[in-house]
Amino acid sequence: MCGIVGILGTKPVADELVDALRRLEYRGYDSAGVATVENGHLERRRAEGKLKNLAARLNDEPLQGHAGIGHTRWATHGAPNERNAHPHMTDKVSVVHNGIIENFREIRDALRAEGAEFSSETDTEVVAHLITSEMRKGDGPVAATGRALKKLRGAFALAIIFAGHDDLMIGAREGSPLAVGHGEGEMYLGSDAIALAPFTSQITYLEEGDWAILHRGGAEFRDRAGNKVKRRSITSSASGFLVDKGNHKHFMLKEIHEQPEVISHTLTNYIDMTSGEVAFPDTGIDLAKIPRLTISACGTAYLAGMVAKYWLERYARVPVEIDVASEMRYREAPMPEGGVALFVSQSGETADTLAALRYAKAQGQRIFSVVNVRTSTIARESDVVLPTLAGPEIGVASTKAFTCQLATLACFALAIGRARGTITPELERELVQALTEVPRHMVGLLREEQQYEEMAPWLSKAKDVLYLGRGTAYPIAMEGALKLKEISYIHAEGYAAGEMKHGPIALIDENVPVVVVAPDDELFEKTVSNMQEVAARGGQIVLVSDANSDKVGCRVATHLSVPSVHPFAAPLVYALPMQLIAYHTATFMGTDVDQPRNLAKSVTVE
Ligand code: F6R
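Residues numbered from 1 in each chain as written. Predicted model: local features only at pLDDT ≥ 70, side-chain atom pairs only at ≥ 80, totals over all residues. Heavy atoms only, no water.

A. A look at the overall build of the protein. Each helix and strand in the protein was counted, giving 19 helices and 27 strands. Its C-alpha radius of gyration of 24 Å places the protein within 12% of the 25 Å reference for a compact globule of 606 residues. Here the C-alpha coordinates of the protein stretch approximately 75 × 55 × 50 Å along the principal axes. Considering the protein as a whole, with its 606 residues, one finds that 62% of them fall into the buried category. In the protein, 71% of the contacts between residues at least 6 apart in sequence involve partners at least 24 apart. (Helix = DSSP H or I, 4+ residues; strand = E, 2+ residues; numbered from the N terminus. Rg over C-alpha atoms; globule rule 2.2 N^0.38 Å. Buried < 20%, exposed > 50% of the residue type's maximum accessible area, 1.4 Å probe, protein only. Contact = heavy atoms within 4.5 Å.)

B. Representation of the sheet that holds strand S21 (residues 366–371) in the model. Overall, parallel pairing links the five strands, which are arranged S19-S18-S20-S21-S22 in an open sheet. Taken across any chain shown, the strands that pair with only one partner, and hence form the sheet edges, are strand S19 (320–324) and strand S22 (384–387). For this sheet, the mean inter-axis angle between neighbouring strands, taken without regard to orientation, is 20°. Contacting strand S18 (293–297), strand S20 (340–345), S21 and S22, helix H13 (residues 400–420) crosses the sheet at an angle of about 160° to S20. (Pairing = 2+ DSSP bridges. Axes fitted to C-alpha atoms, helices over the stretch in contact; angles between N-to-C directions.)

C. Structural detail: the domain arrangement of the protein. One can read the domain layout of the protein as domain 1 (3–247), domain 2 (254–436) and domain 3 (444–589). Computed from C-alpha coordinates alone, the two centres of domain 1 and domain 3 are separated by 40 Å. (Domains from an automatic or database assignment.)

D. Summary view of unusual backbone geometry. The amide bond that connects His86 to the next residue, Pro87, takes the cis arrangement and shows omega of -5°. Tracing the backbone shows Pro87 in the loop between strand S4 (67–73) and strand S5 (88–89). In this structure, Arg317 is a non-glycine residue whose phi angle is positive, near 55°. With respect to the helices and strands, Arg317 occurs in the loop between helix H9 (299–315) and S19. Take Arg317: its relative accessible area is 55%, and that puts it in the exposed class. Here Tyr489, not a glycine, exhibits a phi torsion of approximately 65°, which is positive. Relative to the helices and strands, Tyr489 is located in the loop between helix H17 (473–488) and strand S24 (491–496).

E. Seen up close, the packing of aromatic side chains. Tallying each qualifying case throughout the model produces six aromatic pairs. For the pair Tyr188 and Phe199, a centre-to-centre distance of 4.8 Å together with 10° between the ring planes defines the contact as stacked. A residue pair is termed long-range when its members are at least 10 positions apart, and Tyr188 in strand S10 (residues 187–190) and Phe199 in the loop between helix H6 (193–196) and strand S11 (202–205) qualify at eleven residues. Aromatic side chains Phe280 and Phe412 sit 5.9 Å apart centroid to centroid with 35° between the ring planes, which places their arrangement in the tilted category. (Phe/Tyr/Trp six-rings, centres within 6.5 Å; stacked < 30°, edge-to-face > 60°.)

F. Here's a closer look at the pattern of salt bridges. For the structure on display, the rule yields 39 salt bridges. Residues Glu121 and Arg83 are paired through a salt bridge, measuring 2.8 Å at the closest nitrogen-oxygen approach. Of this pair, Glu121 sits in the loop between helix H3 (104–113) and helix H4 (124–136) while Arg83 sits in the loop between S4 and S5, and the two are 38 residues apart along the sequence. Accessibility expressed as a relative area gives 41% for Arg83, which makes it partly exposed. The partner of Lys289 in a salt bridge is Asp286, and the shortest N-O contact between them spans 3.1 Å. Sharing partners across several salt bridges, the network here consists of Glu134, Lys137, Asp139, Arg147 and Lys151. (Salt bridge = Lys/Arg side-chain N within 4 Å of Asp/Glu carboxyl O.)

See the structure below:
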C-alpha cells in the first residue's frame, strides 16, 4: 500500500517527511517523493527505488520548505519510475494520493482539451490539474479543492499543498484511510497513525467523504457535502506497534473498513489503469496452453478459490478442479501433464494447503500461489506467486485477505481469458472497469453499516441460520455462514439455493433466519423462486441484494440493500454484508471477535 505523510512545520520538513515515510516502509513501495512550499513555489524531489535514494537526492538538492507532503508509491498505474512517482504537481498544486480515481481518463481528456499538459501515466496527476483548473476559474485553494473533490469518482486518500500558501494543507478521504495529527504549533497528515507516531499521539481519523483543511493553528473538517463538521481527536497507541486498531473497536472491524483501500491496491497491482486492461506479470508459463487448473485451499481461502472456478470456467474456458486441501492431498487425484495447480492462502503456512501443494508438485504440476505473506513457505515453494496486497490481517476471521484473494483471482481469470482468446478486448475492458468500481461500491456499502447493527439483536437469538446463493453468490453464501459460525458460534450453513429443496428445506420454520445472497443478475429470478419456497414455510428471509423490493414478490424480514454492481465483480462487494452480519451479531453477543475460541490465524498442523 502506498503511504502518505504531510507536515505543516516550523522548520524545513523534508527530512522529517522521509523519516515518517520510513515508518510506512512495511506497506511496501518502489518509489518515493516529497514536495514542499518554498518561497511561495512548489518544489519536489522524487526517486525510484528505496528511500535512501530519495534521501540522497535531498542531500544533493535540499528542500527548505516548512510545509510539505511525502509519499511512498507501490507502482500501480504506470511503471515504478521517477516520472510516475508522487507528488504530482502543477505550478499551483502538489498532490499525493492512495487509491483509485476511477474516472481519471474522462477528467484527463476534458482537462487536455482545456490545454493541461500531463507528464505522467498516473491517475493522480488529474487531481493536481483539476484543482488547478478550478483555481484558474477564480476560486481560492479551499473552494477549488471542494469543487474538484465533487468531480472525483473512486476510492482514495489525498494530501495537497498549494503554491503561495505556506500555512495550508488539505487532506481528503473517500475509501482510503487518512489521519490528521495535532502537534504544538504544527499539524500533520498520515495514511495511518504509525507514520505520525514520532510527531504526535493526538490523532483525528477522517470519516468517509471527509476532507480536512489544516493550518498550523489547527484543523477544520468538512463532510462530503462541504458542511463544516466536528471530528473528535483521540490518543493513538500506534507509537510502539506497527499495527493498531485506529478508531475501531476490533481489528476485524478495522480490516473490514480497510477493504476499499487494499482492494484498490491489489487491483492496481494487476491492472493497467491507463489502458483499462489486465497487466499480469510474465509468469514464464504459457497461460494459453493450460489443459486444466487444480485449485486447493482451506476455509475462507477455499471459498475464494470456488468463486475463481466460476470466473475461470466462464471467461477463460479452462476446466477447473477444486477441492479443500485436507481432502485433495489424500485423494491421489490424477493430474494432467503440463497442468497448473493454484493454492490460495492468507498466511502461506497452512499445513494442509502446503501438503497439497507438495503433492501437486510431485505430480509435475506448475505451482501458482495467491498469498498474502510473501515470505511464507507456500510462496517460497511456488513457481509463480500472485501476492494479495491486503497488508497484515490480525483478526483471526479472514475479511480483507478474502476480498484481496478475489481481486487477484479475478485478474488472473481475465489474464488467462486474454491469453486464450476467450474474451474480447472490449469485454476485458468492461470487466476491468467493473473491478475498478469495486472500492467505491464498498465505500457506499460501508456507509450503510447501521442496518447490520440494527439487525444483530434479532439474529443473535437464532440457533441455526441458513445462507443461500446461486452462481458466484453460492460460495459467498458459504463464506457468510462460515463467518457467522466462527465468530458468533451460531450454527450456520451455506447452500446452493437450488439444493435447498433436496434436504435443507426440512429445517425451515419461523425460527430459522435464511440469508439469501441474490445480486440482481441473470440468476436472480431463480433465486427468488427458492426464496418464495422459504417464505411459504414461514422462514425469516434476510435478503442481501441490489434488486428493488418489488421484484422480490414475497415477504422478507430484512432487505439489506447493496449497491448495484456488475455481476462479474459482485462477489467482492457481496462479501462485505457477510462480514458485517457476522461481526455485528457477534459483537452484540459479546464474543471475542478478533480471537474466537478454538481458532488460530495460521493453522500449521493437519
Ligand atoms: C476463516 C479463516 C480460515 C482460513 C483458513 C486458511 O475466517 O480465516 O478459514 O481462511 O484457515 O488459512 P490461510 O488462508 O492462511 O491458508
